[in-house]
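Close look at the chain arrangement
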Amino acid sequence: MTLLDGARTPGAKILVSGGSRCNVTNAVVSERDFWGGTPPAIRRVLRAFTVSDTVAFFREIGVNLHEEADGKLFPDTNRARDVLNALLREAEAVGVHVLPGHRVSDVMPQAQDAANSSASGGGFRVVTNRGEVLASAVVLATGGQSLPKSGSDGAGFTLARRLGHTIVPTTPALAPLLVETASSIHAAISGVSQPAELGIWIDNAIAMRLTGSLLWTHFGISGPVALNASRHWHRADLEGRPVAVTANFRPGAGFDDVEADWQRRAIANPKTSIQSTLASILPASVAAAILGSLLLDGRTTLAHFGRDDRRRLSRALVEFPLSVRGSRGYTYAEATAGGVALTEIDAGTMASRLCPGLSCVGEILDVDGRIGGFNFQWAWSSGFVAGRALAAS
Ligand SMILES: Cc1cc2nc3c(=O)[nH]c(=O)nc-3n(C[C@H](O)[C@H](O)[C@H](O)COP(=O)(O)OP(=O)(O)OC[C@H]3O[C@@H](n4cnc5c(N)ncnc54)[C@H](O)[C@@H]3O)c2cc1C
């Protein structure tokens with residue numbers, strides 16, 4: 001088996017992942033953690049190589065994992081380098097011939113090459129910048145388009161398309177979101193993080209709510225909840241549907257709950273100011289920024305807090321409009337949504353249903369996971385399924 005990689009050093013994304021600690025997988029992974037594809041196919045692949053299998057595999061190759069917040073599993077050494085080194089060592093041990101610096105520009109089914117007809121399972125001519133390689137089977141594991149400087153620049157989609165596959169239109173996923181500067185509070189509170197629930201509104205109706213940590217930045221918003229929201233914003237935008245994002249700073253609470261809370265507080269502490277009350281619930285700088293955006297005087301006491309202003313503030317706390325105008329794109333995205341249509345892949349083998357001898361695994365497929373180790377688990381599981389099938393063939 002030969003591994004052709006256009007990058008000089010394979011596994012760049014492993015090295016940068018999880019803040020260079022590599023969030024290898026998650027304690028609990030199911031098809032509900034992914035978007036794109038078809039859930040039954042995703043489930044089948046995940047069940048063929050589970051989280052326990054991943055933990056056992058890494059233990060066997062010398063990488064013990066431990067669990068952290070939100071079920072994230074990291075190597076005990078907290079070094080992504082150890083994960084990559086172990087994988088490369090194991091590849092060598094089982095006889096994989098790793099050829100870095102071999103950029104693939106074409107994969108040609110031999111029958112197609114000779115007779116200009118469709119693929120017939122007669123093997124492939126793989127064209128690289130360093131010459132051609134003949135292969136009886138080819139696995140496309142080129143990743144998506146995120147972090148293109150790592151070597152995953154979307155070229156794999158062109159290869160797959162030429163081999164007859166449908167590419168579900170791609171967009172960045174797990175990317176920080178850009179917010180219109182004029183209308184927002186983000187710049188003033190850059191660097192502050194807080195729990196929040198983001199509402200994604202599509203066609204003027206709430207489509208989903210995502211909860212997690214929100215990080216305010218100089219360009220807009222980041223942090224797990226913003227990254228998870230990005231694919232939904234992009235997919236709606238791609239379809240030309242009106243999409244908006246709001247933030248609920250009291251996750252789980254609705255307008256009426258917040259209203260009732262103000263009234264309770266006004267009775268208990270009538271002389272306390274709105275600013276200090278809000279600052280006991282939210283980071284003080286966020287509290288000040290929200291009051292400023294509503295042109296409310298934070299020094300007003302709760303006893304003198306008028307009904308209309310109170311309702312405006314309650315509304316802002318549960319549905320604060322964030323004028324998202326896009327994301328920071330593939331350069332900053334951790335994943336790609338869209339890709340090779342999963343319906344064209346046999347989930348029991350990862351083999352192409354259209355091109356005999358071809359398989360696709362990992363992020364090139366139309367499957368993207370939420371933040372937390374899910375994308376790597378998809379890569380491990382789908383890679384295992386393809387490898388097992390090829391070994392048996
Ligand atoms: C900054 C960052 C942090 C991340 N952190 C995490 C994390 O902690 N946990 C997690 O689960 N996921 C994380 N991800 C996502 C995860 O890295 C990817 O989903 C995963 O690496 C996909 O694996 P893959 O093998 O399909 O593709 P990739 O890892 O992208 O590998 C594809 C390989 O194919 C090569 N290639 C591409 N085109 C060609 C060509 N034409 N010829 C030859 N070679 C080619 C590339 O050089 C590359 O080495 C992160 C991603 C980024 C960008």
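Quantities reported herein were computed from a predicted structural model and do not represent experimental measurements.

**Quick notes on the packing of helix 2 (residues 39-48) against helix 12 (residues 374-392)**
- Remark: helix 2 packs on helix 12, axes separated minimally by 8 Å, with the N-to-C direction vectors making an angle of 80°. By the criterion of interaxial angle, the relationship of helix 2 to helix 12 is roughly perpendicular. Across from Val-45, Leu-46 and Ala-48 in helix 2, the residues of helix 12 making contact are Ser-381, Ser-382, Phe-384 and Val-385.
- Residues that form the contact of helix 2 with helix 12 fall into these classes: five nonpolar, two polar and no charged.

**Section: unusual backbone geometry**
- Of note, the phi angle at Asn-78 is positive, near 60°, even though the residue is not glycine.
- Structurally, the position occupied by Asn-78 is in the loop between strand 5 (72-75) and helix 4 (80-93).
- What makes Asn-78 partly exposed here is the crowd of 14 C-beta atoms within 10 Å.
- The backbone of Leu-295 shows a phi angle near 55°, a positive value even though the residue is not glycine.
- Inspection of the secondary structure assignment puts Leu-295 in the loop between helix 10 (284-293) and helix 11 (307-318).
- Judged by the 8 C-beta atoms lying within 10 Å of it, Leu-295 is exposed.

**Structural notes on the sheet that holds strand 16 (residues 243-248)**
- Taken in spatial order, the seven strands make up an open sheet running 17-16-13-14-15-12-18, and their pairing is antiparallel. The open sheet has two free edges, formed respectively by strand 17 (320-322) and strand 18 (324-327), since each of these has just one partner strand. Pairs of neighbouring strands in the sheet enclose a mean axial angle of 40°, with direction left out of account.
- Sheet topology places strand 12 (residues 177-179) next to strand 15 (residues 220-222); two bridges connect them, and they run antiparallel. Paired with Leu-177 across the two strands is Ile-221, which belongs to strand 15.

What counts as what
Residues numbered from 1 in each chain as written. Predicted model: local features only at pLDDT ≥ 70, side-chain atom pairs only at ≥ 80, totals over all residues. Axes fitted to C-alpha atoms, helices over the stretch in contact; angles between N-to-C directions. Helix = DSSP H or I, 4+ residues; strand = E, 2+ residues; numbered from the N terminus. Parallel < 35°, antiparallel > 145°, perpendicular 65-115°, else oblique. Contact = placed C-beta atoms within 7 Å. Nonpolar A, V, L, I, M, F, W, Y, C, P; charged D, E, K, R; others polar. Buried ≥ 20, exposed ≤ 12 C-beta atoms within 10 Å, placed from the backbone. Pairing = 2+ DSSP bridges.

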